[in-house]
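# Close look at the chain arrangement
This is what each chain is made of:
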Amino acid sequence: MTKKNINFSSKLVENFITYNDFNISLQQAEQGRQTLLDATGAGNDFLGWVHLPSSLDTEVLQRIHSDVARLKDRCSLFVIIGIGGSYLGARAVIEALQSEFEAMRSKRSFPYIIYAGHTLSEEYYSQLLPILDSNDYGVAVISKSGTTTEPAVAFRIIKHHIEQKYGKEEARQRIIAITDAQRGALHTMAQQEGYSSYVIPDNVGGRFSVLTPVGLLPIAMAGYNIDNLLAGARKAESLYTLLPADENAALQYAATRNALYNKGYKVEMLTNFIPSLRYISEWWKQLYGESEGKEHKGILPHSLCFTTDLHSMGQYMQDGERMIMETVISVASAKAKVAIPHDEQDLDNVNYLEKKSLNEINHCAEQGTIEAHHDGGVPVMKIELEQIDEETLGHLLYFFEFACGVSGYMLGVNPFNQPGVEAYKKNMFRLLGKK
């Protein structure tokens, strides 16, 4: 059965923007798409992601499958070293697909993925190293330059550990570098040490790199089907680059959120009702925050996971300052069914739910929340997925990427640079005495 496309709905926005507002914004979205596809806008040397799903070299995929086959039975853990776009996309897909309790499984066919290089916390590494002492592991270090502080520090620590544990020759077989094709500290080290290595394309920025080896290698190492992931992204590419604006979910999403922004809604809350999607939200926050937040412009991306966060942030969502728009990721099908047993005493007063699935109950909570927030003055958009699997996630990732590129051009900024990221680094280097 052919999977449905992502369905985007903005019915609950109609009270907040006029038909004319939306039409003007949709025309601007179409112009943004043409700028993107014609490569005539700012940052046009970083558009390699646009046609990446349909053009990825099959030899790269074959090498990834080969490296996974070579290492998966030798490693119970696999460490992904990276920060920002160098790890968030992979983590988003892996955590969406794996069991919430994957770490507790005693047997698995593929390594359990853990992360480093995304923090400078001494406590984190003091806890990580003993785990690496007691488990067989491998490493993928991901950095275009090799000198970004967090992953560089992490790789120095872990490289020393893995060489001490296995010896240099065996360590060499367990390390994979994903880096620049021709230059940089990590490229040089990979050449000198003889690591298996993959290229981060020059024309793909970090936050758009999940469908390059940056994301594909870790996702495959975790045991998930990257061919299906790419199939979903290819389908999305064919839809959003070609469909007319009035049938194009990505353009409609970009148009709706920008029309709301122009009406004073400055914060976009991405919400979902499935905890495994929390890192999809983290990836989305970087994608939009780093692409749009420039020149004192841009929608602030934030996220909540319901129903959990309804018991902490629900009050603000319902009654706080009306600067928030909400985008709900809704998933139709659950992976499994859990029955609610009957209880004779019914002291908890939930016997009325026993013939309903948890998925049905969760969807009622979702619909009730959407209605309440709309009634409370929050414009609500909805992105509907049939299920959570590799193909659907590939489609969703590309949907967000394409809408982000269009949206950045609608704002009048360069969606593909990040000059503000350097400010904290300069201060940190000064305080540390770096020459």
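As a reminder, the structure under discussion sits directly above these lines.
Values in this document were obtained by computation on a predicted structure and should not be read as measured data.

## Quick word on the pairing of strand β10 (residues 380-385)
Of all six residues in β10, five are buried, a share of seventy percent or more. Sheet topology note: the strand β1 (residues 7-12)/β10 ladder contains four bridges and is antiparallel. Bridging across to β10, Ser-9 finds its partner in Lys-382. Bridge count between strand β9 (residues 324-331) and β10: six bridges; the pairing is parallel.

## Describing the packing of aromatic side chains
Inspection of the entire model under this criterion finds 21 aromatic pairs. Ring centres of Trp-49 and Phe-416 lie 6.2 Å apart, and the angle between their planes is 45°; on these two criteria the pair is classed as tilted. With a gap of 367 residues between them, Trp-49 in the loop between α1 (19-38) and α2 (52-55) and Phe-416 in the loop between α15 (390-411) and α16 (422-432) connect regions that are remote in the sequence. Linked through ring pairs, Phe-8, Tyr-240, Tyr-253, Trp-283, Trp-284, Tyr-288, Phe-399 and Phe-400 together constitute an aromatic cluster. For Arg-63, the ring lying beneath its charged end belongs to Tyr-198, and the centroid distance is 4.2 Å.

## Remarks on the pattern of salt bridges
One pass over the structure, following the stated rule, counts 26 salt bridges. A salt bridge links Glu-95 to Arg-278, with the shortest nitrogen-to-oxygen separation between them at 3.6 Å. On the criterion of sequence distance, the pair formed by Glu-95 in helix α4 (residues 88-97) and Arg-278 in helix α12 (residues 278-292) is long-range, its members being 183 residues apart. Judged by its relative accessible area of 11%, Glu-95 falls in the buried class. Given a relative accessible area of 35%, Arg-278 falls into the partly exposed group. A salt bridge links Glu-170 to Arg-174, with the shortest nitrogen-to-oxygen separation between them at 2.8 Å. With Glu-170 and Arg-174 both in helix α7 (residues 168-174), this residue pair falls four residues apart, about one helical turn. When salt bridges that share partners are traced, they join Lys-159, Glu-163, Lys-168, Glu-169, Arg-172 and Glu-193 into one network.

## With respect to the sheet that holds strand β2 (residues 77-81)
In any sheet, the strands associate via hydrogen bonds between backbone groups, in a parallel or an antiparallel arrangement. Read across the sheet, five strands follow the order β3-β2-β4-β5-β6 without closing on themselves; strand pairing throughout is parallel. Every other strand in the sheet has two partners, leaving β3 (112-116) and β6 (196-199) as the edge strands with one partner each. Neighbour-to-neighbour, the strand axes of this sheet turn through a mean angle of 20°, independent of strand direction. The pairing of β2 with β3 spans five bridges and is classified as parallel. Paired with Leu-77 across the strands is Tyr-112, a residue of β3. Strand contacts of helix α8 (residues 185-193): β4 (137-142), β5 (175-179) and β6, with the helix running at about 145° to β5, the strand carrying the most contacts. Along the sheet, helix α9 (residues 213-221) contacts β2, β3, β4, β5 and β6; its crossing angle with β5, the most-contacted strand, is approximately 155°.

## Some points on the nonpolar core
Within the largest apolar cluster, 99 residues are counted, with the highest numbers of intra-cluster contacts made by Trp-49, Tyr-240, Phe-399 and Phe-400. No other element matches the 13 residues that α15 contributes to this core. In this structure, Trp-49 is in contact with Leu-36, Asn-203, Val-204, Phe-208, Tyr-398, Glu-401, Phe-402 and Phe-416, ignoring residues within four places of it in sequence. Residues Val-139, Ala-154, Ala-171 and Tyr-195 belong to the second largest nonpolar core, which totals 23 residues.

Calculation criteria
Residues numbered from 1 in each chain as written. Predicted model: local features only at pLDDT ≥ 70, side-chain atom pairs only at ≥ 80, totals over all residues. Heavy atoms only, no water. Buried < 20%, exposed > 50% of the residue type's maximum accessible area, 1.4 Å probe, protein only. Helix = DSSP H or I, 4+ residues; strand = E, 2+ residues; numbered from the N terminus. Pairing = 2+ DSSP bridges. Phe/Tyr/Trp six-rings, centres within 6.5 Å; stacked < 30°, edge-to-face > 60°. Lys NZ or Arg CZ within 6 Å of the ring centre and 35° of its normal. Salt bridge = Lys/Arg side-chain N within 4 Å of Asp/Glu carboxyl O. Axes fitted to C-alpha atoms, helices over the stretch in contact; angles between N-to-C directions. Contact = heavy atoms within 4.5 Å. Core = buried A, V, L, I, M, F, W, Y, C linked by side-chain atoms within 4.5 Å.

In short, shape yes, function no, at least from these values alone.
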